[in-house]
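Structure assessment
This is what each chain is made of:
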Number of protein chains: 8
Amino acid sequence: MRDILDAVASGDLSPAEAEARLAGYATTEAGRFDAARERRRGIPEAVLADGKTPAEVASMATAALETTGRALVTRADDAHVDAVTGALPAGATVDHDERARTLVVHAADFDPPSIDARVAVVTAGTSDAAVAGEAAALAQAVGATVERVDDVGVAHLGRVVDHLDTLRAADVAVVAAGREGALPTVVAGLIDTPVVAVPVSTGYGYGGEGESALLSMLQSCTVLSVVNVDAGFTAGAQAGLIARAVADARSE
Amino acid sequence: MRDILDAVASGDLSPAEAEARLAGYATTEAGRFDAARERRRGIPEAVLADGKTPAEVASMATAALETTGRALVTRADDAHVDAVTGALPAGATVDHDERARTLVVHAADFDPPSIDARVAVVTAGTSDAAVAGEAAALAQAVGATVERVDDVGVAHLGRVVDHLDTLRAADVAVVAAGREGALPTVVAGLIDTPVVAVPVSTGYGYGGEGESALLSMLQSCTVLSVVNVDAGFTAGAQAGLIARAVADARSE
Amino acid sequence: MRDILDAVASGDLSPAEAEARLAGYATTEAGRFDAARERRRGIPEAVLADGKTPAEVASMATAALETTGRALVTRADDAHVDAVTGALPAGATVDHDERARTLVVHAADFDPPSIDARVAVVTAGTSDAAVAGEAAALAQAVGATVERVDDVGVAHLGRVVDHLDTLRAADVAVVAAGREGALPTVVAGLIDTPVVAVPVSTGYGYGGEGESALLSMLQSCTVLSVVNVDAGFTAGAQAGLIARAVADARSE
Amino acid sequence: MRDILDAVASGDLSPAEAEARLAGYATTEAGRFDAARERRRGIPEAVLADGKTPAEVASMATAALETTGRALVTRADDAHVDAVTGALPAGATVDHDERARTLVVHAADFDPPSIDARVAVVTAGTSDAAVAGEAAALAQAVGATVERVDDVGVAHLGRVVDHLDTLRAADVAVVAAGREGALPTVVAGLIDTPVVAVPVSTGYGYGGEGESALLSMLQSCTVLSVVNVDAGFTAGAQAGLIARAVADARSE
Amino acid sequence: MRDILDAVASGDLSPAEAEARLAGYATTEAGRFDAARERRRGIPEAVLADGKTPAEVASMATAALETTGRALVTRADDAHVDAVTGALPAGATVDHDERARTLVVHAADFDPPSIDARVAVVTAGTSDAAVAGEAAALAQAVGATVERVDDVGVAHLGRVVDHLDTLRAADVAVVAAGREGALPTVVAGLIDTPVVAVPVSTGYGYGGEGESALLSMLQSCTVLSVVNVDAGFTAGAQAGLIARAVADARSE
Amino acid sequence: MRDILDAVASGDLSPAEAEARLAGYATTEAGRFDAARERRRGIPEAVLADGKTPAEVASMATAALETTGRALVTRADDAHVDAVTGALPAGATVDHDERARTLVVHAADFDPPSIDARVAVVTAGTSDAAVAGEAAALAQAVGATVERVDDVGVAHLGRVVDHLDTLRAADVAVVAAGREGALPTVVAGLIDTPVVAVPVSTGYGYGGEGESALLSMLQSCTVLSVVNVDAGFTAGAQAGLIARAVADARSE
Amino acid sequence: MRDILDAVASGDLSPAEAEARLAGYATTEAGRFDAARERRRGIPEAVLADGKTPAEVASMATAALETTGRALVTRADDAHVDAVTGALPAGATVDHDERARTLVVHAADFDPPSIDARVAVVTAGTSDAAVAGEAAALAQAVGATVERVDDVGVAHLGRVVDHLDTLRAADVAVVAAGREGALPTVVAGLIDTPVVAVPVSTGYGYGGEGESALLSMLQSCTVLSVVNVDAGFTAGAQAGLIARAVADARSE
Amino acid sequence: MRDILDAVASGDLSPAEAEARLAGYATTEAGRFDAARERRRGIPEAVLADGKTPAEVASMATAALETTGRALVTRADDAHVDAVTGALPAGATVDHDERARTLVVHAADFDPPSIDARVAVVTAGTSDAAVAGEAAALAQAVGATVERVDDVGVAHLGRVVDHLDTLRAADVAVVAAGREGALPTVVAGLIDTPVVAVPVSTGYGYGGEGESALLSMLQSCTVLSVVNVDAGFTAGAQAGLIARAVADARSE
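Residues numbered from 1 in each chain as written. Chains lettered and ligands numbered in written order. Predicted model: local features only at pLDDT ≥ 70, side-chain atom pairs only at ≥ 80, totals over all residues. Heavy atoms only, no water.

1. Some points on the sheet that holds strand β3 (residues 46-48) of chain A
Residues and elements named next belong to chain A. Ordered in space as β3-β4-β6-β5, the four strands form an open sheet in which the pairing is mixed. Each edge of the open sheet is held by one strand with a lone partner, namely β3 and β5 (93-97). Averaged over all neighbouring strand pairs, the angle between strand axes comes to 15 degrees, with direction disregarded. Of the pairings in the sheet, the one linking strand β4 (residues 70-74) to strand β6 (residues 102-106) comprises four bridges and is antiparallel in character. (Pairing = 2+ DSSP bridges. Helix = DSSP H or I, 4+ residues; strand = E, 2+ residues; numbered from the N terminus. Axes fitted to C-alpha atoms, helices over the stretch in contact; angles between N-to-C directions.)

Here it is in structure tokens:
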């Protein structure tokens, strides 16, 4: 602790980062940012923009940037994007994925991690793109190489078969699907890569808020594990943890 | 009505059948048998053995035989089978499908219908056999030719593809599946035959009483229609109605 | 494939249609349009306007028109209608059903299919009209003759009895009902035509989002099959598949 | 209170009845019998046999007989019937309805009430008979004349129409139905008598424990009120309260 | 029928009323108004304003007025009220209950029914007022005398006890309650008048959309019958049917 | 730790109790007994007999007795009682409450706690007695004085009012009710003592497994807190914690 | 009563307060304010602003102030705050907690209660702050000392352990948590203070409206009691009742 | 295929194994055994004994043994164990885990796989042992080293902290918990190993069939993925797939 305080005294460390290192979080007007999560689990904490004002998101993203060197914002609308972009320190770079609604910000001196592992992110249709994009952003933030396989829904079986080589080359696959949620079962029946299934709330009528897809995945006659409805963040982070375990083994 | 009463007087018609023709049902100790259903809809009424005593089932099956020339018993256990078999009039024939738990009885002079139409009955796995067998029995009772395609679950996609010719040659298909219930969606994506999907209560844990399969079929991203969980009778009867509509058109 | 490419080279085929024939879908800004569905199943793919911007709908409808000769847009509001109408190529014709919220567009040289089969579309009340209209549009797109029987809810039994001739003359009937959803059961008890029941989300209070109607139809004491709540598209398409099976038989 | 105690002292009143009059209940080994209910609401309290031992039921029925002059036992099996019958005081009469599983016991000097009102009790099918029988027993216990209309399910509409005169002549109707529960809606659409609907747990698969019938009745597009699944007791008692209100008015 | 047509020819009957008498409904732009309901069941049909435009409501109310002499509009907001008021024919009178959101319109020559029966309408709290007001309006439309007992929730038991005389003097009581829905059970335990319970969607958190109140009423340890959540119309109409049965008996 | 081991060496402490003190649990064939719970929270751990064999229960009860000086067994049937009784060491005393299905065993030298606080345990009816008895046993085990108020269900309001003095004299009240679960709300509206409500699974039909009572208590319009369905143990333990907090304050 | 009326006559008591004392509530345009609640249970009644207009809230708050000397407004937005503030009589003081959305108003001569007891209010994260703030306001209104322990969610176990001394010093703890709702279980496992758990609706996807947190708390393997989702008011009031029971004992 | 047939002809291959290799399954009286699963996914297919007769299980286990060299039987009772043991060929070895109810059979010449990876299997309490045992059996069958960490439920936080080294040394952890299901969240917050959570149906009352634990795990505020309730097989197989991916990387 003395080292940290010395560094603050000497100006080598900002008070915000010092607080983050000592207390495990950075305090902002909009709440606390869990800066210690990345150190505890190796997964960057994200700022969930949905339900927060643009100013709150910008404030938490800035705290993240100061304390961990980067910020990952999910479910951001245009106003959130503008607020974050407008609040960046000099030299920071921004990557905005409109469909995934994610915003990845790196401080000028941030050195992004890179690990020797591949994550496949698979969608059944266009409406799964946002959730899959969030998963992809997380896997990339962990440092994995991400391969996208899109629009391979089970109504046209030939499409997923065309991509078997990509799926088999991955160390872990995230498969997103709404409606009846059959795609993860079909994919997991074709490969021996671990599959993390993520149900998407794109159904309609009875069971249409993703319950049908969730239940299908929990009941799958193949082997897979599941995250909550629309939980692209969790699916990507879980795939990232698996990818890193593989990469660590690969580099032993 | 006078004709019917004359026939009773002359002994050409049993009182039971006379009641059935006039009132639309036959009265037994165990309740009433809806003898008029077949005339109204062209689908034979079945005696649901589950929850009835062997004596009750035998009594209702006999009433069916007397009034319509045949009896169809569903969900029959061994005691039901023995009771019905023991109560048959001379010359009646019995067909017992142990797996489907159905019992088809024809009076000596019964002339079973035969129509020029094909019904495919498809199962994902062994545990769907009882429900599918019930559906097949109904379709056969309507007079259709039934083709079985078994054990083609989506965990091994190659199997269902091997049977595409049979499926495409059918006028209508019944597809039974439990667990995640994906098979009807996969089948309906491969053929342009109408598909009637029947969810089976063979799952486990959360959603395992068939809800998961039912929801999947209602949410299917292809086109199909659905009956209730384990409703093999209804699926087979609906397929029979469609098959007869096709056969009628074929014979115009 | 060479033929297709030659035709593109010679200008006989647009690149969009060539892509649709080869890949099975047309790519637009707003996502992919599944142009191959019609060839796989004989049912035209529809563009679901609800949840898309007018521009996205217009873009996907144009892709549909270019690759399949027609476009079917469902759940369209006025802005969607204006956008699609404004984007049409010369000679295309538009048919907008305000109550059903459907938009049917035909290219100048499109030759709509016509089959020798009748589909009855039945409603319990005014509030079922939108769902029934969607079903009717699908059945017409398949080429069937559609007969409407409206406002025959079970609170006034005499009304449905007045239409028995129309119902019996149909090869298949779609019956839409909300609230307690009893109409399909009553209709199916009166005729031997196959009935596809569609629950409508017009109830209120407990079970009012269509669950009550859906459960009633799944539990029906007559024979019928069911689609999801408000799934007019699916009901109409399933009726269309049955109608075509009948028409094919009729023309053998 | 002094009068009661004097009567006990003189032997004109048993201690059990004295307790019932003073405290509102009679204490037995098996729990307390709410002897005051009948005085509070005019509906006899019933002993629910299901879940109690034969000895407990006999003990509570005896307490009821001693304190109110009669006992009404519901959901009784053969052992319960034997135990109650064996424990009766001299002169008591027993009426056992096997299908309804009810047991009505009157003390030798009990003078059953009789009111000038009619209650119709209607069933869709054989499987509704137990619940309907329980309702009928309650209405009779209140003193009303009960008319039964059985097996008039909506799969055969003509049957219920045959009984319209009986239904219209009643002051109130109890209508019991399982599966899709459509009968109360159809009946209430045909008459202007108040209808109390009682859902029966005779469905199967999804929604088959009576939920489907309950929801249908709550969502009915006609006017009716509802009791819980299988609540024949409550339906009969509510009909009895309405019948007595009518009879009171008739005798004013 | 000839009489009706003659009356139209002579101008004694408007074509709208003639259609209503012959067909059972009046056709408007906004859908059909079920003019025959009142004749079938003695309960006026209401126009549910919620979800309709002001113009649609005004159009249906006018049709009701022309064909039945009155119009009852429920769940009306200010715009609905203005539209209906602005569209009235000369001499019509309007009664608008702001809290109940009902609008009762009588034609100049309409003679409202009056029956010799009392309906008590009881609320637990202020938030039940709208639903109770709708029930009161229906009971009044049937012609009954309505007594209101308000704000007698079970958190303060003394209040309901203060009104026992009023409750006991009624021929039937409607009791509305949200949250835990205990009031109908408490009221029904205190009187021998029939109670129709109506759950109100004024809870919060889990079970707060009225499910908790609905379940409580279905499970009540006293005798009562229930209508759907917020179904003030149905509760009032059912009470009206009971009140009329009593009044008819009273006037025999 | 050394002290404990010395005591074992000298024979002053059994190895079982030494393990319990050091590891926090005692190991038996039937699983581990959490001996540390009492020290952590001041609530004795109970052995849940339901689902265990008599031998397993006896083994765990013996472990409890050896390590904490007492054993509390819940949901015990006759075989469990016999097994525990047969396995007791010399001098141990047993208290078996048949209705509550609890078994309280004290070692010869056990000095039961006694605190200066009163817990009222209230039931709506006979069927709540088992759950209430379990709650009472826990409160007594903590050392509180327990007052029972039984059979005061809301169908007869006068009864609960008769016991207000007892309820007001308590420091905390546990109120158990099934069916519609209204009693805790009524009680909490009458007193300012904290109320812990426990729903009982004694309903029937829809919501009858205690959901209705649970929802009512969660939605109560008065102030109370709730435990899970049939959780007499938890209700009694929570009341015990509150009673001890009060007793501690009283003795300060 | 005469005293009250005399005081009104002499001007010592306002008519509003007189009504409140006599009738138990104060009548306003916006409904009735339950002024007697505080006297019955010792918990101040609150005005729930959500769903009311600013004018209605101001009117009810004024009634509260006049009759009880204070007003507690919950779930207030800015417009509610402005309306209440603008309507205050001279000398009244206002305390507005923006995050908790509460507004505490004291009349000039109001003497707030103070009791010798401590309530800990604990949150898992920032999104639990509003619910916890409401609970804290209630506990303070009862007069207890409130200690806040914030942001100690189970994803970082060390944080809650840092606050054990504060938690153990409290007489009762309110613990608020959303998502998986594990915090109350973890806290209750560490201390012997009674814990009132309040689930917060801050989850997402399946079970995200607080059901998951509610179920977890009901199923907790430790001892705690629960209030409904987001019921900060009830949790704080229940903690207040417990705190007062402790304080009363402390002052005996 | 010719090679296989030659081997059958020469007696080097049994017809059963030949069928399994060619068709992908082995046919038995009791249904088909999916012998190809292991080749497709590297996870051995298991025979689920629950719901099958001892003879059926023995027959399928024998088929498994003949075609894949081993058999894994889950949820086996004593009769199943006896039947399988009695039907074994010479030299086969059996490993029966009574608590996990698994039976692992190896043919005399079977060479079990062994991979360089560690799977931790963690339980909250004794009642999770069966599900965890099933998971452990699967992970071992894949060849991983399994470490058990038992009885570390969150009611005693210190226990899980004692095992952090074991948990951190694992490549993947399976964490089983019932009741409130908090353990996987707590574990996943402490380590950066991927966690597969498995809910166990050991709760009680509302949400007690594992729904509460399932929802908690889906809503976890840390990162983990989930399988269905009691799905020890799936959890162990998913952990096995992850372990093998790690082992493959380790051996590159």
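2. A short note on the pattern of salt bridges
Applying the stated criterion across every chain yields a total of 48 salt bridges over all chains. Measuring nitrogen to oxygen at the nearest pair gives 3.2 Å for the salt bridge that ties C:D150 to C:R148. A relative accessible area of 28% places C:D150 in the partly exposed class. Since its relative accessible area comes to 35%, C:R148 is described here as partly exposed. In this structure, G:R250 and F:E252 form a salt bridge, with 2.8 Å as the shortest nitrogen-oxygen distance. Here G:R250, found in helix α11 (residues 232-250), pairs with F:E252, found in the segment after α11 (232-250), and the two come from separate chains. A residue is classified by how much of its surface remains accessible, and G:R250, at 23% relative accessible area, is partly exposed. If you follow the salt bridges from partner to partner, you end up with A:D171, A:R250 and H:E252 in one network. (Salt bridge = Lys/Arg side-chain N within 4 Å of Asp/Glu carboxyl O. Buried < 20%, exposed > 50% of the residue type's maximum accessible area, 1.4 Å probe, protein only.)

3. Digging into unusual backbone geometry
Residues and elements named next belong to chain C. Of note in this structure, R179 is not a glycine but carries a positive phi near 45 degrees. Looking at the secondary structure, you find R179 in the loop between β9 (172-177) and α9 (183-188). Even without a glycine there, the phi angle at D230 is positive, about 65 degrees.

4. Observations concerning the domain arrangement of chain A
Residues and elements named next belong to chain A. Split by domain assignment, chain A resolves into domain 1 (17-106) and domain 2 (118-251). Between domain 1 and domain 2, the contact holds 13 residues from the first and 14 residues from the second. Summed over both partners, the interface of domain 1 with domain 2 comes to about 1200 Å²; 64% of that surface belongs to carbon and sulfur atoms. Considering only the side of domain 1, the residues that lose the most area to domain 2 are I43, R75 and R99, jointly responsible for 36% of the buried surface there. On inspection of domain 1 and its partner domain 2, the count reaches one salt bridge. A salt bridge links E134 to R75; its shortest N-O distance comes to 3.2 Å. The tally of links from domain 1 across to domain 2 stands at three residue pairs in polar contact (both at pLDDT 80 or more). Only α3 (37-41) and β4 provide two or more residues apiece to the side of domain 1 that touches domain 2. In terms of residues, the side of domain 1 that touches domain 2 owes the most to one element, β4, which gives three residues. (Domains from an automatic or database assignment. Contact = heavy atoms within 4.5 Å. Buried area = accessible area lost by both parts, 1.4 Å probe. Polar contact = N/O pair within 3.5 Å; in protein donor to acceptor, adjacent residues only side chain to side chain.)

5. Some details on the packing of aromatic side chains
Tallied over the full model, the rule gives four aromatic pairs over all chains. For the ring pair E:Y206 and H:Y206, a centre distance of 6.2 Å and an interplane angle of 65 degrees mean the geometry is edge-to-face. Taken together, the residues span two chains, with E:Y206 in the loop between β10 (195-199) and α10 (211-218) and H:Y206 in the loop between β10 (195-199) and α10 (211-218). (Phe/Tyr/Trp six-rings, centres within 6.5 Å; stacked < 30°, edge-to-face > 60°.)

6. Quick look at the pairing of strand β8 (residues 145-149) of chain G
Note that strand β7 (residues 118-123) of chain G and β8(G) share five bridges and pair parallel. Bridge pairing links G:V121 to G:R148 in β8(G).

7. A closer look at the sheet that holds strand β3 (residues 46-48) of chain G
Residue and element names in this part refer to chain G. A sheet is described by the order of its strands in space; here four strands give the open sequence β3-β4-β6-β5, paired in mixed fashion. Looking at which strands have only one partner, the edges of the open sheet turn out to be β3 and β5 (93-97). Adjacent strand axes in the sheet meet at a mean angle of 15 degrees, parallel and antiparallel pairs treated alike. Judged from the three bridges that link them, β3 and strand β4 (residues 70-74) form a sheet pairing that is parallel. Among the inter-strand pairings, L48 is bridged to a residue of β4, identified as T74. Against the sheet, helix α4 (residues 54-68) engages β3, β4 and β6 (102-106), with an angle of about 145 degrees to β4.

8. A word on the environment of E:K52
Residues and elements named next belong to chain E. In this fold, K52 is placed in the loop between β3 (46-48) and α4 (54-68). C-alpha of K52 to C-alpha of A76: the two residues are 24 residues apart in sequence and 9.5 Å apart in space. Not counting residues within four places of it along the chain, the set of residues in contact with K52 comprises V57, M60 and H80.

9. Quick notes on the side chain of G:S216
Among the secondary structure elements, G:S216 is positioned in helix α10 (residues 211-218). Overall, the relative accessible area of 1% leaves G:S216 in the buried class.

10. Regarding the packing of helix α6 (residues 129-142) of chain F against α11(F)
Residue and element names in this part refer to chain F. At a closest axis distance of 7 Å, the pairing of α6 and α11 adopts a crossing angle of 35 degrees. As α6 packs across α11, the resulting crossing turns out to be right-handed. Where α6 abuts α11, its residues V131, E134, A135, L138, A139 and V142 lie against G232, F233, G236, A237, G240 and R244. Looking at the contact of α6 with α11 residue by residue, the classes come out as seven nonpolar, three polar and two charged. (Left-handed = near helix turned anticlockwise from the far one by under 90°. Nonpolar A, V, L, I, M, F, W, Y, C, P; charged D, E, K, R; others polar.)

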